[in-house]
Amino acid sequence: MSEDFFVKCIHSTLGICKWLVLQIFLYFLMPYLWNYEYATGTIVLMCLYTSFYVIYWNLVDRAKRAQWILSPYLLYLATAIILCLKIDYLTPSVWFVIFLPLYGFICFLCVKLFRKRSRRILKRFKHGRAIANTILIVFLLTLKFLSVIWVCQEHYSLDSEKSDILERRNYLVGELVTTPEDVLNEMPKAIGAQFQGEWALYSCSMLSASLVNISKLYPETKKENISYIDSLISIVLSYEIRYYDIMRWNEDPLESLDSENSHVSYLSHLAWMICGYKEIGGENKYDALLTDVCEAMNRRLVASDGFNLPTYPGEAIYVPDMLVAIVALNKYADMNNGKYHSTVRKWINKAQTEWIDNETGLLVSFLDNDGYQFEDAPVKGSYSALNCYYLSLIDKEFAKSQYEQLKSLFWKVGTIAGLKEYWDKTCYIGLDIDAGPILFELSPSGTAFFTGSATFFGDTSTRKKLLRTAEAAGHTIKIGNKRHYLLANIALVGESIMLAMRTNCNTDLYNRHEENTRKCSMHLNVILHPT
């Protein structure tokens, strides 16, 4: 008897795990049923009623199951109510507690029905197993398709996206406005110390850019955003975050501003963040540091042979990295009577005349230390999209021409639209530390960065397709007043980048749109109410 009881306990444990995983998986896949609320309390409640029913099913004799079928439900209800009284945030409402087991019952019926139909298909058709699996895959893809449509229904304008944007901000602030150690720990250890540092810096920098954008779009958030950027700057200033740069240059970037070594990767992002902090009304606490950093970058840039600075010693010039420095110098110039504008204009002029790829017409991805193009060096979609984004912050006309050229060569239309990593060769599957995992030719990083230019230039149709692709690949999770893509659990930097890109609004264009909307509303009101 004890052995039989032990076997039943094992069956019950396996059954609980099986049914719970199935319900959670479908729950994640169908946000249109739950308004994509994935609260921990919901999972706890699922675990409760699933456990009670599986244990009941395994321990009670078959003949008596129907007689006491409501017993597990009543036990669940009593336990759930007690937990809800003890823990305020466990569940949104009493009705949710009462009816949630109905979801489990429907899942149970669907599985039983699928098994029954599958057995018939297996008996009637030669390739019955393949047919049954195909039906299952089509069913799951349909659920996912409906999920993408549901979440993307908000993507009509930056006003309709307000809740989405602010809740993604809340999530990133919770993950990144913390300690430097915690920020680094959020980055995958498998990529190594250097890329961990880079990704941590980029995550903070892109969140800072997002907060500046959000402050312009929704001015009521400015005060708290200033505080968040202040905290992010403090994190970036820490030894832990700048260690990746110290490791490569064998000196501290902040303690060697008088030297001639580049340190452009770290210093440019730091300067850009401080400029953003100042732009939306931050205090003067970083003014002296900003002046010193920009002076050092400008001096080193002007003194360089090719009017560019290497990210690391002995490596090529990565043009997107160099552009961050140009963005920072341009922002600083706007706030300081045009100082360094001549450097910015010279760099842009050289870019337009000397660093355009002959085949694509795009700004190159790499240069040598003398400022010359490499022969046969690829023009990468991820780098070019990032170049376009940074250019939109410096020179709108140049950025617009680059955006249109990039779109003509790298844009891939389809059910899953996005930016290709290569324009002149097919790469259905690949892996790149900067582009990410390339699937069906699409570059995850390139697609994300391309959203920044599509947003800035008001290319609404392309932007919607990009956000749809992001949702299909990322899958939005919402818990309380926070939401994020599921992929952020693997690469938080991607979430930070995507928020910066989708909020990269041309404020002039946005204000004109708002004014036209206001006038249309006034005219419509006059027509409807002429008196």
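Summarised in this report is the structure supplied together with it. (Residues numbered from 1 in each chain as written. Predicted model: local features only at pLDDT ≥ 70, side-chain atom pairs only at ≥ 80, totals over all residues. Heavy atoms only, no water.)

### A short note on the nonpolar core
(1) Moving on: Counting residues in each nonpolar core, the largest one holds 112 residues, and the members touching the most others are Met206, Trp272, Trp347 and Tyr390.
(2) Moving on: For this core, the element with the highest residue contribution is helix 9 (residues 192–217), accounting for 12 residues.
(3) Moving on: By size, the runner-up hydrophobic cluster in this structure holds 25 residues, among which are Leu48, Leu77, Phe96 and Leu143. (Core = buried A, V, L, I, M, F, W, Y, C linked by side-chain atoms within 4.5 Å. Buried < 20%, exposed > 50% of the residue type's maximum accessible area, 1.4 Å probe, protein only. Helix = DSSP H or I, 4+ residues; strand = E, 2+ residues; numbered from the N terminus.)

### Quick look at the packing of aromatic side chains
For any pair of aromatic rings, geometry is given as the distance between the ring centres together with the angle between the planes.
(1) Moving on: Evaluation of the coordinates by the stated rule reveals 18 aromatic pairs.
(2) Moving on: Measuring from centroid to centroid gives 6.0 Å for Trp95 and Phe99, while their planes differ by 15°, and the two rings are stacked. Of this pair, Trp95 and Phe99 both sit in helix 5 (residues 94–124), separated by 4 residues, roughly a single helical turn.
(3) Moving on: Assessed through its relative accessible area of 60%, Trp95 is described here as exposed.
(4) Moving on: What links up through ring pairs into an aromatic cluster is the set Tyr403, Trp411, Phe450, Phe456 and Phe457.
(5) Moving on: Residue placement shows Arg248 over the ring face of Tyr312; its charged tip is 4.4 Å from the ring centre.
(6) Moving on: Lys346 extends its terminal NZ or CZ atom over the ring of Phe307, reaching a point 4.5 Å from the ring centre. (Phe/Tyr/Trp six-rings, centres within 6.5 Å; stacked < 30°, edge-to-face > 60°. Lys NZ or Arg CZ within 6 Å of the ring centre and 35° of its normal.)

### Points about the side chain of Asn298
(1) Moving on: Mapped onto the elements of the fold, Asn298 is located in helix 13 (residues 287–303).
(2) Moving on: Discounting residues that sit within four places of it in the chain, Asn298 has contacts with Leu329, Tyr340 and Thr343. (Contact = heavy atoms within 4.5 Å.)

### Describing the pattern of salt bridges
(1) Moving on: A full pass over the atoms with the stated rule returns 24 salt bridges.
(2) Moving on: Between Glu167 and Arg483 there is a salt bridge, with its nearest N and O atoms 2.6 Å apart. A residue pair is termed long-range when its members are at least 10 positions apart, and Glu167 in helix 7 (residues 162–176) and Arg483 in strand 8 (residues 482–485) qualify at 316 residues. For the pair Glu167 and Arg483, one class covers both residues: buried.
(3) Moving on: Several salt bridges share partner residues, and in doing so they unite Glu154, Glu161, Asp164, Glu167, Arg168, Arg463, Lys478, Arg483, Glu495 and Arg502 into one network. (Salt bridge = Lys/Arg side-chain N within 4 Å of Asp/Glu carboxyl O.)

### Concerning unusual backbone geometry
(1) Moving on: Despite not being glycine, Asn250 shows a phi value in the positive range, around 60°.
(2) Moving on: Its location among the elements puts Asn250 in the loop between helix 11 (239–249) and helix 12 (264–279).
(3) Moving on: Residue Asn250 is classed as exposed on the basis of its relative accessible area, which comes to 70%.
(4) Moving on: For His475, which is not glycine, the phi dihedral falls at a positive 65°.
(5) Moving on: Its place among the elements puts His475 in the loop between helix 19 (460–474) and strand 7 (476–479).
(6) Moving on: Overall, His475 belongs to the buried group, its relative accessible area being 7%.

### Quick word on helix 15 (residues 341–354)
(1) Moving on: Taking 1.5 Å per residue as the helical rise, helix 15 with its 14 residues ought to reach 20 Å, and the 19 Å between its terminal C-alpha atoms agrees with that figure.
(2) Moving on: Of the positions making up helix 15, those classed as buried are Thr343, Val344, Trp347, Ile348, Lys350 and Ala351. Down the axis of helix 15, the buried set is contained in an arc of 160°. They therefore lie on one face. Turned more than 90 degrees from where helix 15 packs its buried face, Ser342 and Thr353 sit exposed.
(3) Moving on: Buried positions along helix 15 lie against helix 13, helix 14 (319–335), helix 16 (381–392) and helix 17 (396–410). (Expected span 1.5 Å × (residues − 1). Arc of directions from axis to C-beta.)

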